[in-house]
Each structure stands twice: as C-alpha cells, then as structure tokens.
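A closer look at the structure
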Amino acid sequence: MQETYYTVPGCPVRIALVTDLHERPYARVLESLRKNRPDLICAAGDFLYAKPVREGIKVEAAGVLPFFRAAAALAPCYVSLGNHEWMVTEEDLRLLRETGAHPLDNAWETVTRKGAQLVLGGLSSGRVSAYRRLREAGLTMEAAAAEKDILAHDPPVLGWLDEYCAAPGYHILLCHHPEYYPRYLKARGIELILSGHAHGGQVRLFGQGLYAPGQGLFPKLTSGVTDGRLTVSRGLANCQLVPRLFNPAEIVYIG
Ligand SMILES: [Fe+2]
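All values reported here derive from a predicted model rather than from experimental measurement.

On to the packing of aromatic side chains, then. Scanning the entire structure with this criterion turns up eight aromatic pairs. Look at Trp86 and Tyr131: their rings are 5.3 Å apart centre to centre, the planes differ by 70°, and that puts the pair in the edge-to-face class. In this pair, Trp86 sits in the loop between strand S4 (77-80) and helix H4 (90-98) while Tyr131 sits in helix H5 (residues 126-136), placing the two residues 45 residues apart along the sequence. You'll find Trp86 and Tyr131 in the same group, each marked buried. Among the aromatic residues, those joined into a ring-pair cluster are Tyr26, Phe47, Phe67 and Phe68. Across the ring face of Trp86, the terminal group of Arg127 is positioned such that the distance to the ring centre comes to 4.6 Å.

Dropping the structure here:
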C-alpha cells in the first residue's frame, strides 16, 4: 500500500482519504493513519464487497465495524456510501454510527477543526438510492437486485446539495463516483470533492488508467487532483476479476 500526498490550495486541514476497502484486511491502513495523524478521516465508499446479495446487518458480518471504531478514535471519521453499499439498511447505518464514525447518506454535518468551519457532505451512490426506490415500490430483494440496468444507471439524489452548498464554511463532499463530478458537481461551488471507485483504472500505463466502471476505456478520472478540487484515490483493494497492474493500492493524504 502506497501513501500518496497531495496539496490542495485552500484546504485548511489534513485529510486522510480511504476508499474501496472492500472488506479486506485493514491493519496497514490503521498503521498509516496512526503515523500520519490526519485532522479528518474520510471514507468515500465501497468499504463493503456486498456479495452474496443480502440485506441488513451487512456491516457487522463484513467485519468493518472494528476498522471504523479504531479510525474514529484517531480523528473525526466521515463515511459515504458507494455502489457496494447498495443494500445497507438503517440498522447498518446505526451500527456504523455506534462506532463513533459519521455516516453521511445524502446528508451533511459541520465540524470545526483547526479553527476552520468544515461542511462535510456524503453523496450516496445512485445504486443505493435506486435499490431503495425499487424496494419501496414493493419489489422483493431478488427482484430489485435483478433490475441491473436501473441499478447501474440511476442518478444520485441531488436535491439536498443546494442547502449543503449554501451552508457557510469549507465544503468537503465525499462522493464515491468520480464520474459524477463532470455530470452533476462541476458547476457547484464545492471546494473539495473526494472520490474512489475507479481503482486507478485497474491497469496503469504511462500514468493513465485502462478501464474504470462508469467511465469505460481510457477513463480520465482515476487518480490525482483535477481542477484543484476533485481528488481521486486509486483505492485500497481490488474487487474485479482483472488484477491491478502497475497500480499499487493507496491511501491518500490531502493538506
Ligand atoms: Fe465502487
């Protein structure tokens, strides 16, 4: 696991960006967090793997609660939901909250760190809201899970972002999908957007990724800082059949 350090002008705090843990061992992640002592820990989605398909108390079975308990003891820890969290329930979120972490499910909170007012938001994956909508419409878990096209392509819930952007302070939005940035976020005055999901483009050659879900071949947003504000982590694990090549897993620090 590589530790990557980026400078984002105007960022008033030091942030650890943890993405795509996918239920993998996390001892080295905690070791890095203890060594680097960030002011905030932001987990921008896909801490679960979510197979087999099963609803509820997923976070406990996945073994991720001890990770969040340890992380939240080090610094305020905010968590947003990625596509692999599509089946989390209110009970899952309650258990996450019990660790001391702050799950932000299309929601925002403020916190003061180093004298700066920070406005932390979490934009859940469209897969999360699509699945909930299908279940609320009366579909069984299996029938909802079979609606693959809807689950893959439904947009995220954006209505709360106006109020979020209007809140005074430095805005940090956890948004698992980097491809949401050009589609839904670029025109908004959000100072820092934290993403993962692309796994660095799986195979990296000449500083360029080969493929990313949601972006296809030769994806543009797989790693690094774009427009001085979208910061994409290559993530901590792999969940694709294709191995990662020339593309080490990473934890990102922003300051
Ligand atoms: Fe993802």
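Every protein donor of the iron ion is listed here as Asp46 (OD), Asn83 (OD1), His176 (NE2) and His197 (ND1), and their distances to the metal cover 2.1 to 2.2 Å. Mapping the donors of the iron ion onto the primary sequence yields the spacing D-x36-N-x92-H-x20-H. Remark: His197 occurs in the loop between strand S9 (192-195) and strand S10 (204-205) and Asn83 occurs in the loop between S4 and H4; sequence separation between them is 114 residues.

Here the second largest pocket is characterised by a volume of approximately 150 Å³. Looking at the second largest pocket, the residues that line it are Met1, Leu21, Arg24, Pro25, Tyr26, Ala27, Arg28, Val29, Leu236 and Ala249.

The subject of this paragraph is the packing of helix H1 (residues 27-36) against helix H3 (residues 65-74). How two helices pack is summed up by the angle between their axes together with the distance between the axes. Where H1 contacts H3, the axes come no closer than 10 Å and their chain directions differ by 5°. In this view, H1 runs roughly parallel relative to H3, as classed from their interaxial angle. Here Val29, Leu30, Leu33 and Arg34 of H1 come into contact with H3, specifically with Phe67, Ala70, Ala71 and Leu74. The residue makeup of the contact of H1 with H3, split by class, is seven nonpolar, no polar and one charged.

This part is about the sheet that holds strand S15 (residues 230-232). One key point about sheets: their strands pair by backbone hydrogen bonds, in either a parallel or an antiparallel sense. Pairing in this open sheet of six strands is mixed, and the strands run S6-S7-S8-S9-S15-S14 from one edge to the other. Since the sheet does not close on itself, it has two edges, and those belong to strand S6 (107-113) and strand S14 (224-226), each with one partner. Strand after strand, the sheet turns through a mean of 20° between neighbouring axes, direction not considered. Sheet topology note: the S6/strand S7 (residues 116-123) ladder contains seven bridges and is antiparallel. Bridge assignment links Arg113 to a residue of S7, and that residue is Ala116.

Time to look at H1. Because an α-helix completes one turn every 3.6 residues, residues spaced three or four positions apart along the sequence face the same direction. Along H1, the positions that sit buried rather than exposed are Val29, Leu30, Ser32, Leu33 and Asn36. Along the axis of H1, the buried residues cluster in a sector spanning 160°; they form a single face. The exposed residues of H1 that point more than 90 degrees off its buried face are Ala27, Arg28, Glu31 and Lys35. Taken together, the buried residues of H1 touch strand S1 (2-6), strand S2 (15-18), strand S3 (40-44), H3 and strand S16 (250-254). Directly beyond the C-terminal end of H1, a positive phi value near 45° is found at Arg37.

As a further point, take the environment of Val232. Along the chain, Val232 turns up in strand S15. For the pair Val232 and Ala198, spaced 34 residues apart in sequence, the C-alpha separation works out to 8.2 Å. Setting aside anything within four residues of it in sequence, one finds Val232 in contact with Pro178, Ser195, Gly196, Leu221, Thr222, Ser223, Gly224 and Glu250.

A few words on the nonpolar core. Membership of the largest hydrophobic core comes to 31 residues, with the highest contact counts inside it found for Val29, Leu33, Ile41, Phe47, Val59, Phe67 and Phe68. Elements with a minimum of two residues in this core: S2, H1, S3, H3, S4, H4 and S16. Considering each element in turn, this core owes the most residues, five residues, to H3. One finds Ala116, Tyr170, Leu192 and Leu194 within the second-largest nonpolar core, a separate group that totals 22 residues.

Taken together, the buried positions of H5 are occupied by Gly126, Val128, Ser129, Ala130, Tyr131 and Leu134. Considering only its buried residues, H5 is in contact with helix H6 (141-145), helix H7 (148-153) and helix H9 (180-185). Two residues or fewer after H5 comes Gly138, characterised by a positive phi angle close to 105°.

Okay, the sheet that holds S2 next. Taken in spatial order, the six strands of this open sheet run S1-S16-S2-S3-S4-S5, and their pairing is mixed. Whereas interior strands pair on both sides, the edge strands pair on one side only; in this sheet they are S1 and strand S5 (102-103). Examined bridge by bridge, S3 and S4 share four bridges and lie parallel to one another. Note that in S4 the partner of Ala44 across the bridge is Ser80. The strands touched by H1 are S1, S2, S3 and S16; relative to S16, the strand with the most contacts, the crossing angle is about 20°.

How each quantity is defined
- Residues numbered from 1 in each chain as written.
- Predicted model: local features only at pLDDT ≥ 70, side-chain atom pairs only at ≥ 80, totals over all residues.
- Heavy atoms only, no water.
- Phe/Tyr/Trp six-rings, centres within 6.5 Å; stacked < 30°, edge-to-face > 60°.
- Helix = DSSP H or I, 4+ residues; strand = E, 2+ residues; numbered from the N terminus.
- Buried < 20%, exposed > 50% of the residue type's maximum accessible area, 1.4 Å probe, protein only.
- Lys NZ or Arg CZ within 6 Å of the ring centre and 35° of its normal.
- Donors = N, O, S within 2.8 Å, 3.2 Å for Na, K, Ca; no water.
- 1 Å grid on protein atoms, 1.4 Å probe; cavity = no way out; pocket = protein on both sides within 12 Å on 5 of 7 lines; lining within 4 Å.
- Points joined across faces, edges and corners; volume = space filled by probe spheres on them.
- Axes fitted to C-alpha atoms, helices over the stretch in contact; angles between N-to-C directions.
- Parallel < 35°, antiparallel > 145°, perpendicular 65-115°, else oblique.
- Contact = heavy atoms within 4.5 Å.
- Nonpolar A, V, L, I, M, F, W, Y, C, P; charged D, E, K, R; others polar.
- Pairing = 2+ DSSP bridges.
- Arc of directions from axis to C-beta.
- Core = buried A, V, L, I, M, F, W, Y, C linked by side-chain atoms within 4.5 Å.

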